[in-house]
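Listed below, chain by chain, are the residues.
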Amino acid sequence: VASAIAFDVLPLKLHPFSQSTPTGLDCVGWKQRIAFPVIADGALDKTALADDAGSEEDLYEDFRSGNHRYGHAGGGGEQLAINELISDGSVVYAEALWDHVTMDDQELGFKAGDVIEVMDATNKEWWWGRILDSEGWFPASFVRLRVNQDEPMEDYPLKAEGTKDDDSCSGTRRFGMGQTTKDQMRTNVINEIISTERDYIKHLKDICEGYIKQCRKRADMFTEEQLKTIFGNIEDIYRCQKKFVKALEKKFNKDHPHLSEVGSCFLEYQTEFQIYSEYCNNHPNACMELSRLTKVNKYVYFFEACRLLQKMIDISLDGFLLTPVQKICKYPLQLAELLKYTNPQHRDFKDVEAALNAMKNVAQLINERKRRLENIDKIAQWQSSIEDWEGEDVLIRSSELIYSGELAKISHPQAKSQQRMFFLFDHQLVCCKKDLLRRDILYYKSRINMDDMEILDVEDGKDKDFNTSVKNAFKLHCRDTEEVHLFCAKKPEQKQRWLKAFESERRQVQLDQETGFSITEVQKKQAMLNASKQQHPGKPKAVTRPYYDFLMRQKHPTLPTTLPQQQVFMLAEPKRKPSNFWQNISRLTPFRK
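As a convention, each chain's residues are numbered from 1 in the sequence order in which they are written. Side-chain atom pairs in this predicted model are given and counted only at pLDDT of 80 or more, local residue features only at pLDDT of at least 70, and totals for whole chains, interfaces and linings cover all residues. Excluding hydrogens and water, the side-chain figures rest on all heavy atoms present in the structure.

(A) Broad picture of the state of the cysteines. Here, two cysteine sulfur atoms that lie within 2.5 Å of each other are counted as a disulfide. Within this structure, the stated rule accounts for 0 disulfides. Here Cys-306 stays free of any disulfide, with the sulfur of Cys-215 as its closest cysteine sulfur at 5.4 Å.

Okay, structure coming up:
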């Protein structure tokens, strides 16, 4: 729909920095109506675009005041087309790309995959829609228009009153009954996959050649570290996607698109798609760095000049950098829709089915890594709350709190028992002591390297090594030094939880090695820096220790093993009015069960 209408928008305006997804960014069919001088090597040719004394500011103002117009779907065309359809009485449906948690009673909440009837798309950022009896505003960037708007209405999870019979009949008239209809639906989905891939490749090319190449020529403005932060590994993604598109094109049947067999392409590249994990994890850092730079006018003008020279659509750099995050999230939705319209007898059915599961696993891996990265901030804050900390930071070796609780530690030579709080991270076990008067204050005492330890279950009774009677006990034995640590839990079930936690710790370490998960030095330093900034000078640490307070209220706190509902897609959530809701929640849930 969006690609069928070309129109002119207002002259270029400077848009404020936003993390919201520009509506229509991945639409096809937009056309540039203006030609700019293109420099073969990507350099900024000021002589061609400005006078000898010109600057990025002059270049920007020249184009801004030149009454140039742009014709593309994103930024207005899609909205115009949707509103025309709505005003004509048509029902327009959009599919949720990810969850939208209702923050306001006037907002429409939904989950990924829900189908929303779009009732008003006048506003670029927020549309008005309906799901069953609920109506409200929702971010346009969280949805995509359904590929098959003419799909028979019985396939829709929701139906608008008074439209069921008419739409159902129109679907039959257009395609006929049975197999013909399904073939046409599959054709629509295949065409969307191919066209959006081609469009996506152009966006990646524009970023790499229009922005990165130009930035590297300006060493006076950007360091290599800054460019790595802003653009992440998007050049690796570009190289991967070019190969993927070529593979898709080979499988695309131009004469009979519904016969195309594209499932095998996704299976072939499922491992390569894991590189999106690094990009998605870095994306918040990119947003922060861009936000910092765009407070300086010369960077705003420079980025805008790059966009104009590359003849890119009227969307800011942060919008383009969001496309890889959107893309990896969209694959499971596209494949689910493709599978829906693929007959079990189709040669592509089994591959599409396997590809859907594979891309779900890729998304799950990305979300799991994102969760782990979010945890490092909480771990840094926890460490900053511990008194008398010694040695290296926890984050140097660890990124996950596996388990925590109170145990009695028995030491040589008198077999003295001491009550301590223990925190089991991947690779290490941290021991702390409670303050005698302020029980919410912890003091660092020691740590144990779990990589060198083996876990030994100890039967109730007298222990020969320590010459003392024990109950609910277990040992940590160092293979290299023969050092032995003896611990006792208060109850048998607590002991079992600890034994299972030690098994989980080893599995986590092995999984990280297999998947290559690691935290960069920059991320570690940034987490510790953020934690130190949150400490209020002149106040005791206990006052600002909500994370430890939470731990003390929980008997067996541990991080989740399943995906959180707010997945990696939430990176694209539009900015909202200030609210203390999430701040208050985050203060209460640092380590979820």
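(B) A look at a positive patch on the surface. Surface patches are defined over residues having more than 30% relative accessible area and no salt bridge, joining like charges when they lie within 9 Å and nonpolar side chains (Val, Leu, Ile, Met, Phe, Trp, Tyr) when within 5 Å. Using the Shrake-Rupley algorithm and a 1.4 Å probe, accessible areas are obtained, with residue cover drawn only from the displayed protein chains. The salt bridge definition used is simple: a Lys or Arg side-chain nitrogen within 4 Å of an Asp or Glu carboxyl oxygen. Counting rule for charge: Lys and Arg are taken as positive, Asp and Glu as negative, and neither His nor the chain ends is counted. Positions of charges follow a simple convention, taking NZ of Lys, CZ of Arg, CG of Asp or CD of Glu. Among the surface-exposed residues, Lys-205, Lys-242, Lys-246 and Lys-250 lie close enough to one another that they form a single positively charged patch. Here the element with the most residues in the positive patch is helix 7 (residues 234-251); it accounts for 3 residues. Numbering goes from the N terminus for both helices and strands, where a helix is a DSSP run of H or I of at least four residues and a strand is a run of E of at least two.

(C) Summary view of the nonpolar core. Joining through side-chain atoms within 4.5 Å is the link that ties buried Ala, Val, Leu, Ile, Met, Phe, Trp, Tyr and Cys residues into a set, and such a set is a nonpolar core. Three labels apply to residues, based on accessible area from a 1.4 Å probe with only protein chains included: buried if under 20% of the type maximum, exposed if over 50%, partly exposed otherwise in between. Of all hydrophobic cores here, the largest spans 81 residues; its most connected members are Phe-231, Phe-266, Phe-273 and Ile-328. In terms of residues, this core owes the most to one element, helix 5 (residues 179-216), which gives 13 residues. Each of domain 1 (77-145) and domain 2 (182-374) contributes no fewer than three residues to this core. Discounting residues that sit within four places of it in the chain, Phe-231 has contacts with Ile-207, Tyr-211, Ile-212, Cys-215, Tyr-279, Leu-317 and Leu-321. Judged by nonpolar contacts, the second largest core, of 22 residues, contains Leu-395, Tyr-444, Ile-519 and Ala-527. Where each domain begins and ends is defined by an automated method or by a domain database. Contact criterion: two residues are considered in contact whenever any of their non-hydrogen atoms come within 4.5 Å of each other.

(D) Representation of the packing of aromatic side chains. Each pair of aromatic rings taken from Phe, Tyr and Trp, with Trp reduced to its six-membered ring, is defined by centres within 6.5 Å and is described as stacked if the planes are under 30 degrees apart, edge-to-face if over 60, and tilted in the remaining cases. All told, the structure shown has 24 aromatic pairs when counted by the stated rule. Aromatic side chains Phe-222 and Tyr-299 sit 5.4 Å apart centroid to centroid with 75° between the ring planes, which places their arrangement in the edge-to-face category. Of this pair, Phe-222 sits in the loop between helix 5 and helix 6 (224-231) while Tyr-299 sits in helix 10 (residues 297-309); the two residues are 77 residues apart in sequence, bridging distant segments of the chain. By the burial criterion, Phe-222 is buried, and Tyr-299 matches it. One aromatic cluster is present, formed by Phe-244, Phe-266, Tyr-269, Phe-273, Tyr-276 and Tyr-331 through successive ring pairs. Sitting over a ring, as applied to charges here, requires NZ of Lys or CZ of Arg to be within 6 Å of the ring centre and within 35 degrees of the ring normal. In this structure, Lys-242 is placed above the aromatic ring of Tyr-238, and the distance from its NZ or CZ to the ring centre is 4.5 Å.

(E) The arrangement of the sheet that holds strand 1 (residues 92-96) in detail. At least two bridges found by DSSP between two strands are what make those strands a pair. Taking strand neighbours across the sheet as the criterion, the 5 strands line up as 4-3-2-1-5 in an open arrangement whose pairing is antiparallel. Each having just a single partner strand, strand 4 (134-139) and strand 5 (143-145) make up the two edges of the open sheet. When the angles between neighbouring strand axes are averaged without regard to direction, this sheet yields 45°. Across 3 bridges, the pairing between strand 1 and strand 5 is antiparallel. The partner of Glu-95 across the bridge, within strand 5, is Arg-144. Here, axes are lines fitted to C-alpha atoms. For helices the fit covers the stretch in contact, and angles between N-to-C directions go from 0 to 180 degrees. Across the sheet, helix 12 (residues 323-340) lies against strand 1 and strand 5, angled at about 40° from strand 5, the strand it touches most.

(F) Looking closely at helix 9 (residues 275-293). Helix span, expected: 1.5 Å multiplied by one less than the number of residues in the helix. With 19 residues, helix 9 extends 26 Å between its outermost C-alpha atoms, agreeing within 8% with the 27 Å of an ideal straight helix rising 1.5 Å per residue. One fitted axis covers the seven residues ending at a residue, a second covers the seven starting there, and the bend at that residue is the angle between these axes. If you look at helix 9, its biggest bend is around 40°, right at His-283, and the proline Pro-284 turns up within four residues after that. Within helix 9, burial applies to Tyr-276, Ser-277, Tyr-279, Cys-280, Asn-281, Asn-282, His-283, Ala-286, Cys-287, Glu-289, Leu-290 and Leu-293.

(G) Representation of the sheet that holds strand 6 (residues 401-411) in the model. The antiparallel open sheet is built from 7 strands, whose spatial order is 9-8-7-6-14-13-10. A single partner strand is all that each edge strand has here, and the edge strands are strand 9 (442-449) and strand 10 (453-458). Recorded for the sheet is a direction-independent mean angle of 35° between the axes of neighbouring strands. Two elements, strand 8 (residues 428-434) and strand 9, share 7 bridges in a ladder whose sense is antiparallel. Note that in strand 9 the partner of Cys-432 across the bridge is Tyr-444. Together, strand 6, strand 7 (416-425) and strand 8 form the strand contacts of helix 13 (residues 349-384), whose direction differs from that of strand 7 by roughly 150°.

(H) Quick peek at unusual backbone geometry. Even without a glycine there, the phi angle at Asn-467 is positive, about 55°. With respect to the helices and strands, the residue Asn-467 is situated in the loop between strand 11 (461-463) and strand 12 (468-470). Unlike most non-glycine residues, Asn-472 shows phi in positive territory, near 55°. By the element assignment, Asn-472 lies in the loop between strand 12 and strand 13 (473-478).

Spatial relationships are all this shows, so hold off on functional conclusions.
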